[in-house]
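# Secondary and tertiary structure notes
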Amino acid sequence: MTRTTNEDTTQKPTPTARFFNKRYHVFWAMLLYLFFSTSLYGQSPYISVASGNWNDDATWSGSGIPTSTDVVQIRGGFTVYVNTTNAVCGSLKVGGDNANNNTGTLNFATSGNPVLKISGNLQIGGDGNSVRRGTVIFQSGATLTATSVILGGVGSSPAPGVLSMNNGGTLKTGSLALGTGLATWEPGWGTVELTGTNSIPNTVFTLFYNLIINSGTTTMGAAKSIMDLGTLTLNSGTLSAGTNLSMTTNSTIKRHDGSMTGTLQGSGVFDVSYTGNSKTTGPELNNGGLRNVTVNLMAGKKIKISAIAKTAVSYKQPKAANNGLGEKLVGGRILKKNKKENYVMA
């Protein structure tokens, strides 16, 4: 009996057929790669080709407008305006490079509370030549979020970078850093919210109008000041100030569920307010410039007063409070001074 196998009955392809068969598979593999790389990683990079609005495809070299994964660069002497609440990109460089020896500017619309979310880094200032300056200008109501912000170009012959919050706005970032190019910081009326463990650069970023610590540990290694009428807000995490933070006259420290270490410097007159959960007071009360303290914790939460520099501090208390020993706030003042006391919100 004769046995038949597939090997016996299958006709072997010729060398020519094998060649074209391989070419066929290579062609489809390349086609699939291009399709999925475009779909998964976006059409990068997007480069400004005209001044205009962020959500106008005529502003960009790519098709459509940038997505949350796209690399974006603003250059060519153009200004791009964020005019929408859902502008996004993967990373952004503002300023020129070797391919375009010119400046770039990011600005925000003056109405509509525009928002730009950068899932990666923001670099302000171009590379390779000092004329490739980058500028970012905030407007009141505008918000920009980025993993990190580098002010000033990097690499050989870096270009200057300008970050202006003279008109207000909010910058949310995990860290601030300086490139090697000339850096200009204009705090104006702006709010900087730090959302991760970081060290604020020793130079350039020396003044803040509103500074919010919202996560991790923020370290100050050199002198910083909260400006006149400005606010330091400790929402979460820790501010490690050392001996480097001073409060300017008429400024405020708002302590929610964050904390602070170090010793406040200077003699500017400032106020302190407490909200949120139970807490022990810290160095925010241990300075001669302290004026008023407002306590408004959640119901049933305690505040432990561990140190008071002034003996005539006025405590504004919207609810009845006592320390369990019948010692209450009377006439806006604590009856006993310079003692560790627990006051419970009624």
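Residues numbered from 1 in each chain as written. Predicted model: local features only at pLDDT ≥ 70, side-chain atom pairs only at ≥ 80, totals over all residues. Heavy atoms only, no water.

### Details of the overall build of the protein chain
As a reminder, the rule being used: For the purposes of this entry, the term helix denotes a DSSP run of H or I that reaches at least four residues, the term strand denotes a run of E that reaches at least two, and both are numbered from the N terminus. Relative accessibility thresholds used throughout: buried, under 20% of the residue-type maximum; exposed, over 50%; partly exposed, between the two (1.4 Å probe, protein chains only). Note on definitions: a residue-residue contact is assigned when non-hydrogen atoms from the two residues lie within 4.5 Å.
Helix and strand content of the protein chain: 2 helices and 34 strands. Within the protein chain, buried positions represent 45% of all 346 residues. In the protein chain, the proportion of contacts linking residues at least 24 apart, taken out of those at least 6 apart, comes to 46%.

### Points about the pattern of salt bridges
Going by this rule: Put simply, a salt bridge is a Lys or Arg side-chain nitrogen that is within 4 Å of an Asp or Glu carboxyl oxygen.
Across all of its chains, the model carries 5 salt bridges by this definition. Note that Lys279 is salt-bridged to Asp257, the shortest N-O span being 4.0 Å. Separated by 22 residues along the polypeptide, Lys279 in strand 27 (residues 279–280) and Asp257 in the loop between strand 24 (251–255) and strand 25 (259–261) bring together distant segments of the chain. Accessibility expressed as a relative area gives 9% for Lys279, which makes it buried. The exposure class of Asp257 is partly exposed, given its relative accessible area of 37%.

### Structural notes on the side chain of Thr173
How we decide: In the analysis that follows, any N or O atom pair within 3.5 Å is treated as a polar contact, provided that within protein one partner can donate a hydrogen and the other can accept it, and provided that, for residues neighboring in sequence, both atoms belong to side chains.
Within the secondary structure layout, Thr173 lies in strand 14 (residues 170–173). A distance of 3.2 Å separates a polar atom in the side chain of Thr173 from the backbone oxygen of Ala146. Beyond its immediate sequence surroundings of up to four residues, Thr173 is in contact with Ala146, Thr147, Ser148, Val149, Glu193, Leu194 and Thr195.

### Some points on the packing of aromatic side chains
Quick reminder of the rule: By convention, a stacked pair of Phe, Tyr or Trp rings (six-membered ring in the case of Trp) has centres within 6.5 Å and planes under 30 degrees apart, an edge-to-face pair has planes over 60 apart, and any other such pair is tilted.
Inspection of every chain in the model, using the stated rule, returns 5 aromatic pairs. Plain terms: the ring middles of Trp185 and Phe208 are 6.1 Å apart, the flat faces sit at 50 degrees to each other, and that makes the pair tilted. Placement of Trp185 in strand 16 (residues 183–186) and of Phe208 in strand 19 (residues 207–213) is noted, with a sequence separation of 23 residues between them. What makes Trp185 buried here is its relative accessible area of 11%. Joined through ring pairs, the aromatic side chains of Trp185, Phe205 and Phe208 make up one cluster.

### Here's the deal with the side chain of Asp127
If you trace the backbone, Asp127 turns up in the loop between strand 9 (121–124) and strand 10 (134–137). Within the structure, the side chain of Asp127 is placed 3.1 Å from the side chain of Gln123, a separation counted as a polar contact. Those residues in contact with Asp127 that sit more than four places away from it in its chain are Lys93, Gly96, Asp97, Asn98, Arg132, Gly153, Val154, Ser156 and Ser157.

### A word on the sheet that holds strand 22 (residues 238–240)
Using the following cut-off: The criterion for strand pairing is that DSSP finds at least two bridges linking the strands in question. Axis angles are defined between N-to-C directions and span 0 to 180 degrees, where every axis is a line fitted to C-alpha atoms and, for a helix, only to the segment in contact.
The strand order across the open sheet formed by 4 strands is 18-20-22-25, and the pairing between neighbours is parallel. Since the sheet does not close on itself, it has two edges, and those belong to strand 18 (198–200) and strand 25, each with one partner. Neighbour-to-neighbour, the strand axes of this sheet turn through a mean angle of 20 degrees, independent of strand direction. Note that strand 18 and strand 20 (residues 217–220) share 3 bridges and pair parallel. Its bridge partner being in strand 20, Asn198 is matched across the sheet by Thr218.

### Observations concerning unusual backbone geometry
At Ser157, a position not held by glycine, the phi torsion is positive, near 50 degrees. With respect to the helices and strands, the residue Ser157 is situated in the loop between strand 12 (148–151) and strand 13 (161–164). According to the relative accessible area criterion, Ser157 is partly exposed, its value standing at 41%. A positive phi is found at Asn250, a non-glycine position, where the angle reads about 70 degrees. Topologically, Asn250 is positioned in the loop between strand 23 (245–247) and strand 24.

### Topic: the sheet that holds strand 4 (residues 78–82)
Taken together, the 6 strands give an open sheet; going across it, the order is 2-4-7-10-13-16, and neighbouring strands pair in parallel fashion. The outermost strands of the open sheet, each flanked by one partner alone, are strand 2 (52–53) and strand 16. Judged from the 5 bridges that link them, strand 4 and strand 7 (residues 104–108) form a sheet pairing that is parallel. Within strand 7, the position partnered with Val82 by the bridge is Phe108.

### Points about the confidence of the model for the protein chain
Note the cut-off: Values of pLDDT, ranging from 0 to 100, describe the predictor's confidence in every residue of the model.
In the predicted model, the protein chain carries a mean pLDDT of 83, and the fraction of residues at 70 or more is 75%. For the stretch residues 1–10, pLDDT sits under 50, and the model shows 2 contacts to residues farther than four places along the chain or on other chains. Predicted confidence is poor over residues 24–42, with pLDDT under 50, and the contacts of this stretch with residues over four places away or in other chains come to 8 contacts.

### Considering the environment of Ser63
Along the chain, Ser63 falls in the loop between strand 2 and strand 3 (71–74). The class of Ser63 is exposed, set by a relative accessible area of 55%. Distance in space between the C-alpha atoms of Ser63 and Tyr46 is 8.5 Å, their sequence separation being 17 residues.

### Examining the environment of Thr233
Along the polypeptide, Thr233 turns up in strand 21 (residues 224–234). Counting along the chain gives 39 residues from Thr233 to Val272, while the straight-line C-alpha distance between them is 10.0 Å. In this structure Thr233 touches Leu211, Ile212, Ile213 and Lys254, once residues within four positions along its chain are discounted.

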